[in-house]
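Each chain, written out:
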Amino acid sequence: MSIVVTGATGHLGRLVVEDLLARGVPADRIVATGRNTDKLGDLRALGVRTEAVDYTDAASLRRAFAGAERVLLVSGSEVGNRVDGHRTAIAAAAEAGVGLLAYTSIANADTSTIVLAADHQATETALRDSGVPFVVLRNSWYLENYTGQLPVYVRHGAVSGSAGDGRVSAATRADYAAAAAAVLTTDGHEGKTYELGGDAFTLTDLAAAVTAATGTAVTYVDLPEAEYTDLLVAAGLPAPYAAALADSDRGIARGDLLVSGTALSDLLGRPTTSLAEAVAKAADSLPVS
């Protein structure tokens, strides 16, 4: 019986596969899927089975899920157009008799008001209606959403946003991946919904962490949502994506991405990676001026 990881050509899915291998899961029991399997050549060389899968292609999903004991359904990347593909994947899992289907949702999906939550809300409903044994992994924000912007923060001396004093329970992709791998390799998760996130912080805290790690004074500049959207568009982001990010900051101000409890660290069996650790690691990669 196999463990299937969808979206293994993306950041999170690949990390899950790597964590499964590190846990001692035999490579030939892992199926790594994605639309472009050329990206999975190194995993294939280790003995991992790879399958070309598109969420819009039911046949490819049925082929990958055949004989699967557990499947991780990593949410698609086409925001606003993901639900039909997710439903197709869920139907394929039901047809294959998958023993457990884990889905990567968003924090507080049942109450969240942010635009990005809508696809997850619909997918969770589809899971509940499917009859497939499932577990929901509601991931909060990625710390990489912030650490990836470190050069911009340092260059401008500012972290800009629309989150006010709202706190976000961000964690690293590696931490979320390790939690998913734990769920895929241990029992007792069926029917559960895990709210997953790291230690909460404000964007003012983020600016302070960047200052401490880089030695450059960085402050948080809070902007109205429309102004922040315009700033992101001016920086080169497509308007719809910029609007979604600014809307997510509004959600942070409201508490939509704030997670209570210790579910993530409990699944990891260790503390989550802290903001300070993640920022310091990113700062070490900055070019020396």
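S.K.: Teacher, can you tell me more about the overall build of the protein here?
M.R.: Looking only at helices and strands, the protein has 13 helices and 9 strands in total. Against the globule reference of 19 Å for 289 residues, the protein gives a C-alpha radius of gyration of 19 Å, in line with a compact fold. C-alpha extents for the protein along the principal axes are approximately 55 × 35 × 35 Å. Counting over 289 residues, the protein shows a buried share of 49%. Only carbon and sulfur atoms are counted for the fraction: they give 52% of the accessible area of the protein, which is about 12600 Å². The average position of the 22 basic charges and that of the 34 acidic charges among the side chains of the protein differ by 5 Å.

S.K.: Looking at this structure, how should I read unusual backbone geometry?
M.R.: Note: most peptide bonds trans; most residues except glycine with negative phi. With a phi angle near 55°, Asn-108 is a residue other than glycine that sits in the positive phi range. Here Asn-108 is to be found in the loop between β5 (100–106) and α5 (117–130).

S.K.: I would appreciate a short explanation of the pattern of salt bridges in the present structure.
M.R.: Two side chains with opposite charge may pair up if their charged atoms get near one another. All told, the structure shown has 17 salt bridges when counted by the stated rule. Of the charged contacts, one joins Arg-14 and Glu-18 as a salt bridge, the two residues approaching to 3.6 Å between their closest N and O atoms. Remark: Glu-18 and Arg-14 occur in helix α1 (residues 11–22); sequence separation between them is 4 residues, near one turn of the helix. Classification of Arg-14 by relative accessible area gives buried; the value is 19%.

S.K.: In this structure, what is going on with the pairing of strand β2 (residues 30–34)? I would like to understand it.
M.R.: Working note: regular strand, side chains alternate between the two faces of the sheet. The buried fraction of β2 is high, at 5 of 5 residues. What you see with β2 is no split at all: Ile-30, Ala-32 and Gly-34 on one side and Val-31 and Thr-33 on the other are buried throughout. In terms of strand pairing, strand β1 (residues 2–5) meets β2 through 3 bridges, oriented parallel. By the bridge assignment for β2, Ile-3 is matched with Ile-30. For the crossover that starts at β1, traverses α1 and ends in the parallel β2, the hand is right-handed.

S.K.: Help me understand the packing of aromatic side chains, please; the structure alone is not making it clear to me.
M.R.: Pairs of aromatic rings are described using the distance from one ring centre to the other and the angle between the two planes. Summed over the entire model, instances satisfying the criterion amount to 2 aromatic pairs. Here the aromatic rings of Tyr-146 and Phe-201 are separated by 5.9 Å at their centres, their planes lie at 75°, and the arrangement is edge-to-face. Here Tyr-146 is found in helix α6 (residues 144–147), whereas its partner Phe-201 is found in the loop between β8 (193–196) and α9 (203–214), with 55 residues between them in sequence. An identical accessibility class is assigned to Tyr-146 and Phe-201; each is buried. Across from the ring centre of Tyr-142, 4.7 Å away, lies the NZ or CZ of Arg-173, which sits over that ring.

S.K.: Would you take a moment to explain the sheet that holds strand β3 (residues 49–52) for this structure?
M.R.: Two strands in a sheet stick together by hydrogen bonds in their backbones, pointing the same way (parallel) or opposite ways (antiparallel). Judged by pairing direction, the sheet is parallel, and its 7 strands sit side by side in the order β3-β2-β1-β4-β5-β6-β8 without closing on themselves. In the strand order of this sheet, the two ends are held by β3 and β8, each with one partner. Ignoring which end each strand starts from, the neighbouring axes of this sheet average 20° apart. Note: strand β6 (residues 134–139) against β8, 4 bridges, orientation parallel.

S.K.: Where do I start with α1 in this structure?
M.R.: Because each turn of an α-helix spans 3.6 residues, side chains separated by three or four positions in sequence point in the same direction. Here α1 spans 17 Å end to end across 12 residues, near enough to the 16 Å set by a 1.5 Å rise per residue. Of all the positions in α1, only Leu-12, Gly-13, Arg-14, Val-16, Val-17 and Leu-20 are classed as buried. Where α1 ends, the next residue or the one after it, Gly-24, has phi of about 95°, a positive value.

Parameters at a glance
- Residues numbered from 1 in each chain as written.
- Predicted model: local features only at pLDDT ≥ 70, side-chain atom pairs only at ≥ 80, totals over all residues.
- Heavy atoms only, no water.
- Helix = DSSP H or I, 4+ residues; strand = E, 2+ residues; numbered from the N terminus.
- Rg over C-alpha atoms; globule rule 2.2 N^0.38 Å.
- Buried < 20%, exposed > 50% of the residue type's maximum accessible area, 1.4 Å probe, protein only.
- Areas by Shrake-Rupley, 256 points an atom, 1.4 Å probe, with all protein chains shown as cover.
- Lys, Arg positive; Asp, Glu negative; His and termini not counted.
- Charge placed at Lys NZ, Arg CZ, Asp CG, Glu CD.
- Salt bridge = Lys/Arg side-chain N within 4 Å of Asp/Glu carboxyl O.
- Pairing = 2+ DSSP bridges.
- Right-handed = clockwise from strand over helix to strand, strands pointing away.
- Phe/Tyr/Trp six-rings, centres within 6.5 Å; stacked < 30°, edge-to-face > 60°.
- Lys NZ or Arg CZ within 6 Å of the ring centre and 35° of its normal.
- Axes fitted to C-alpha atoms, helices over the stretch in contact; angles between N-to-C directions.
- Expected span 1.5 Å × (residues − 1).

So, to be careful, I would describe these as geometric facts and stop short of saying anything about function.
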